[in-house]
Every structure is written in structure tokens, then in C-alpha cells.
Amino acid sequence: MSTDAATGQEPKRFKEDGEIVIGTHDGVFHCDEVLACFMLQQLPKYERATVRRTRDLKVLDQCDIVVDVGAVFDPDTNRYDHHQASFQETLNSLRPEIKVKREIRLSSAGLIYTYFGEEVIRKVLERNSIANPEEELVRGVYRKLYDTLIAELDGIDNGVPMFEGEPKYTINTHLSARVSHFNPAWNEAADDAEDVAKRFEKAKAYVGAEFIDKVLYYATRWWPARAIVEKAVRNRLEVHASGEILELENFCPWKEHLYELEGEHGIAGLPKYVIYCNRPNDWRVICVPLEPASFVCRKFLARKWRGERDDKLEEISGIEGANFCHQTGFIGGNRTREGALRMAVVSLEEKEE
């Protein structure tokens, strides 16, 4: 898979017989088209494709697919530029059935992800010993990866402000900044086409490694936790009649799954506490936060316990086995399941000040 920089003149022999060519712009490269090219090259049709970097429209017209250049968005003709003023599409506008959280104008990475992302994820999983991945798994990883990686690249490339109250997207990877460092620096020569082509390939490999790492993480570590959280949601009334205390059969990444599942089960905002066994004789009760990364919770543990430990906490709470409560009240501990559940129940019943 090679990358050629255009000379500004249409070559006499642009394509070899049967050659597949991905077109993108030359000059300074950015994370969005680098990742777009990488994703395309994960697919059988484009895995041996040449990447042609040029702004010459006559050359681009001969490419099999064009990303991030050409001022045309037309999936029917494989043209995926987003720079034209008329383009205002988001993943939700193009694929409303997906229902991602972020409403961000798409970059070329987002466009390629919108139309090819699920197939790309499927191929990455198959190449990493996950044969015939279930559609629900692929769709789950697809949505999660958009919210945690692609939306960041879309927002940065399009100059979308992160904040107008709540952030429109979050910076999880700083990948755009890292890719920019592969370009020639201000005090390095930038007119060596062969050197820039090599830099582009290095950036593509770098971005690709991160993309694959995230796909595999979400598929093999994050997604399997969903079944554990869903079981806890379904069994909530067996734990406590209020349905506001959940018990995980074992610890897992639970927060994002809970927010999604409680919406599906019609209990949005209801769960207040989660209990689980951290290790033998060590149970935790943790408050459900308003957002996954927030320490502001729906309901904190009892105020008078906060910052106390061991014998003093047992005395103050009257709960046997209570051994700590964080000073902010977002998490506590007990030696037994019964004790952890009791801490949750007492906190639940405490009136707000």
C-alpha cells in the first residue's frame, strides 16, 4: 500500500490495470483523512489500494473513492468530502437508527465510519480471532467507538467548540495532535514529496494501531460487561423493593451500560447505588454518578459517615462490618454483602438536606 504525492500534472498512466486508488488531498495531512484511509484499507475491496494524495480534480475523478477533498459528498459515487458549506451532516442525520450521543458535524473520518465503520469493525474482529461476531456486538462497539474516538476527531477537524454548557464531545485520545507531529515541522523542508509520503504512511500506521486497539478493547472487555449489568437491572427488585440498588455478580465497567440499559428498561435515573464484591471479605457500595466521569452522584452515602473508617464508622453507622466511607460520600466499603447492602439502604432512606 503506497502513497503518491501529485506533481500538479495529470500523469500519463494514472492507474495500473485493476489497481484500486483512494484519493485524498496533498500538503499537510490531518488525523481525519489519515484514519479514513486506514479504515478503508481494512476492507477487502481497498486493502491493497494505493493512496493518491492530490488536489488535482482530473486525477481525483479517476480515483475509486475520494475522502476529504473535492468538495463533493455523494456516497453513490464514493465521494466523501465535508468541507463544502452545504455539508452539515452528522452520524445521527445520516443514520438515525444508530442514536449516538454526539451531534457533531462529520469529518472525512466520520463519513467513512458512518458508511463503512461496522464492516471495518467486523473485519478487525475477524482478523483477531473473533469469528462471526454477533451483530449486537458490532453495533455496540460501533456506537461506543464513535462517542469515544470518532466524534473527537470530527469535532477537532471541523473546529467545533467543546462547550456550550455540556461538552459536545470529549478529548479521549489527543490523536489529532499526535498525528499533526508527523508532518514536517515549520523549520523542516516540506517540499520533498517522497519524505511526506513516508510520513503519511507512518501516521496511518500509528492511527491504525490505536483504532484497532480500541476496537478490540471495546469488543473483548467493555461489551461483555453489558450482560452483567443487564442481569443486575433485571434482578434489582430482588435486591431491594425500591429497585434503586443494583448488585453486580462481579465487578465490570458498568456505568455507560447502566445509563443505556435503564433507558431501555424504563427506569432512567432510578438506580442510586451499586454493590459488588471487590475481593473476599471486601464489598463495595458505590453511588451512581450523574455522568460516567462525574463525582456528582444521584444520591451520596449518608453524610455523617463521610471520611470515617473502621471501628468509628461502625459505631456511627450502627452497621456491622462497615470499614470506610470516602470523604465525599461517593463510595463506601463493608466486609460483607449484607453490610454493604445495609449501607445502601440506610443512605437511600436518609433525607436530603
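Residues numbered from 1 in each chain as written. Predicted model: local features only at pLDDT ≥ 70, side-chain atom pairs only at ≥ 80, totals over all residues. Heavy atoms only, no water.

## Here we look at the overall build of the protein chain
Part 1 of the reasoning: In terms of helices and strands, the protein chain carries twelve helices and 13 strands.
Part 2 of the reasoning: Oriented by its inertia axes, the alpha-carbon framework of the protein chain measures out at about 85 × 45 × 35 Å.
Part 3 of the reasoning: Each of the 353 residues in the protein chain was classed as buried or not, and the buried ones make up 50%.
Part 4 of the reasoning: In the protein chain, the proportion of contacts linking residues at least 24 apart, taken out of those at least 6 apart, comes to 63%.
Part 5 of the reasoning: Accessible area of the protein chain: about 17,400 Å², with a carbon and sulfur share of 49%.
Part 6 of the reasoning: Across the protein chain, the 48 positively charged side chains and the 61 negatively charged ones have centroids separated by 3 Å. (Helix = DSSP H or I, 4+ residues; strand = E, 2+ residues; numbered from the N terminus. Buried < 20%, exposed > 50% of the residue type's maximum accessible area, 1.4 Å probe, protein only. Contact = heavy atoms within 4.5 Å. Areas by Shrake-Rupley, 256 points an atom, 1.4 Å probe, with all protein chains shown as cover. Lys, Arg positive; Asp, Glu negative; His and termini not counted. Charge placed at Lys NZ, Arg CZ, Asp CG, Glu CD.)

## As for the sheet that holds strand β13 (residues 331–334)
Part 1 of the reasoning: Strand order across the open sheet formed by five strands is β9-β10-β11-β13-β12, with mixed pairing between neighbours. Of all strands in the sheet, those bounded by a partner on one side alone are β9 (245–247) and β12 (322–325). Averaged over all adjacent pairs, the angle separating strand axes in this sheet is 25°, with direction ignored.
Part 2 of the reasoning: Here four bridges tie strand β11 (residues 282–287) to β13, and the two strands are oriented antiparallel to one another. Within the sheet, the bridge partner assigned to Trp283 lies in β13 and is Asn334.
Part 3 of the reasoning: On top of the sheet, helix α12 (residues 337–349) reaches β9, β10 (273–279), β11, β12 and β13; it is set at about 160° to β10, its chief contact. (Pairing = 2+ DSSP bridges. Axes fitted to C-alpha atoms, helices over the stretch in contact; angles between N-to-C directions.)

## Side note on the nonpolar core
Inside soluble globular proteins, nonpolar side chains tend to come together where they are buried.
Part 1 of the reasoning: If you look at the biggest cluster of nonpolar residues, it comprises 57 residues, and the most contacted ones within it are Leu35, Ile112, Tyr113, Tyr146 and Phe211.
Part 2 of the reasoning: Elements represented by at least two residues in this core include exactly α1 (31–40), β4 (65–67), α4 (108–127), α5 (135–157), α6 (175–180) and α7 (193–222).
Part 3 of the reasoning: Excluding residues within four positions of it along the chain, Ile112 makes contact with Ala36, Met39, Leu40, Ile65, Val67, Tyr80 and Gly117.
Part 4 of the reasoning: Counting residues in hydrophobic clusters, the runner-up holds 40 residues, among them Ala225, Ile228, Ala232 and Ile286. (Core = buried A, V, L, I, M, F, W, Y, C linked by side-chain atoms within 4.5 Å.)

## Side note on the packing of α5 against α7
Part 1 of the reasoning: With their axes 10 Å apart at the nearest point, α5 and α7 run at an angle of 130° to one another. Comparing their axes, α7 and α5 come out oblique. You can see that α5 and α7 cross each other, and the crossing is right-handed. Across the interface between the two elements, Leu137, Gly140, Val141, Lys144, Leu145, Thr148 and Leu149 of α5 pack against Phe211, Lys214, Val215, Tyr218, Ala219 and Trp222 of α7.
Part 2 of the reasoning: Across the contact of α5 with α7, the residue classes break down as nine nonpolar, two polar and two charged. (Parallel < 35°, antiparallel > 145°, perpendicular 65-115°, else oblique. Left-handed = near helix turned anticlockwise from the far one by under 90°. Nonpolar A, V, L, I, M, F, W, Y, C, P; charged D, E, K, R; others polar.)

## Quick look at the pattern of salt bridges
Part 1 of the reasoning: Applying the stated criterion across every chain, the model contains 25 salt bridges.
Part 2 of the reasoning: Where Glu135 meets Arg122, a salt bridge forms, and the shortest distance between an N and an O atom there is 3.0 Å. With Glu135 in helix α5 and Arg122 in helix α4, this residue pair connects regions lying 13 residues apart in the sequence.
Part 3 of the reasoning: For Glu135, a relative accessible area of 45% gives the class partly exposed.
Part 4 of the reasoning: For Arg122, a relative accessible area of 22% puts it in the partly exposed group.
Part 5 of the reasoning: Between Glu249 and Lys231 there is a salt bridge, with its nearest N and O atoms 2.9 Å apart. (Salt bridge = Lys/Arg side-chain N within 4 Å of Asp/Glu carboxyl O.)

## Topic: the domain arrangement of the protein chain
Part 1 of the reasoning: Here the protein chain is described as being made up of domain 1 (21–161 + 173–221) and domain 2 (225–349).
Part 2 of the reasoning: The straight-line distance from the C-alpha centre of domain 1 to that of domain 2 is 40 Å.
Part 3 of the reasoning: The interface of domain 1 with domain 2 comprises four residues on the first partner and five residues on the second.
Part 4 of the reasoning: Looking at the side of domain 1 facing domain 2, the largest losses of area belong to Arg143, Lys144 and Arg221, adding up to 68% of the total buried there. (Domains from an automatic or database assignment. Buried area = accessible area lost by both parts, 1.4 Å probe.)

## What to know about α5
Part 1 of the reasoning: Helix geometry: α5 is bent most strongly at Tyr146, by close to 50°.
Part 2 of the reasoning: Counting buried positions over the 23 residues of α5 gives 17, a clear majority of the element.
Part 3 of the reasoning: Of the residues one or two after α5, Gly159 is the one with positive phi, at around 65°. (Bend = angle between axes of the 7 residues up to and from the residue.)

## With respect to the packing of aromatic side chains
Part 1 of the reasoning: Tallying each qualifying case throughout the model produces 15 aromatic pairs.
Part 2 of the reasoning: Between Phe29 and Phe200, the ring centres sit 5.5 Å apart and the planes meet at 90°, which makes this aromatic pair edge-to-face. Highlighted residues: Phe29 in the loop between β2 (21–24) and α1 and Phe200 in helix α7, separated in sequence by 171 residues.
Part 3 of the reasoning: Residue class for Phe200 comes out buried when judged on its relative accessible area of 0%.
Part 4 of the reasoning: Plain terms: the ring middles of Tyr80 and Phe116 are 5.9 Å apart, the flat faces sit at 70° to each other, and that makes the pair edge-to-face. You can see Tyr80 sitting in strand β6 (residues 79–80) and its partner Phe116 sitting in helix α4, a full 36 residues away along the chain.
Part 5 of the reasoning: Assessed through its relative accessible area of 2%, Tyr80 is described here as buried.
Part 6 of the reasoning: On the basis of relative accessible area, Phe116 is assigned to the buried category, the value being 14%.
Part 7 of the reasoning: Among the aromatic residues, those joined into a ring-pair cluster are Phe73, Tyr80, Phe87, Tyr115 and Phe116. (Phe/Tyr/Trp six-rings, centres within 6.5 Å; stacked < 30°, edge-to-face > 60°.)

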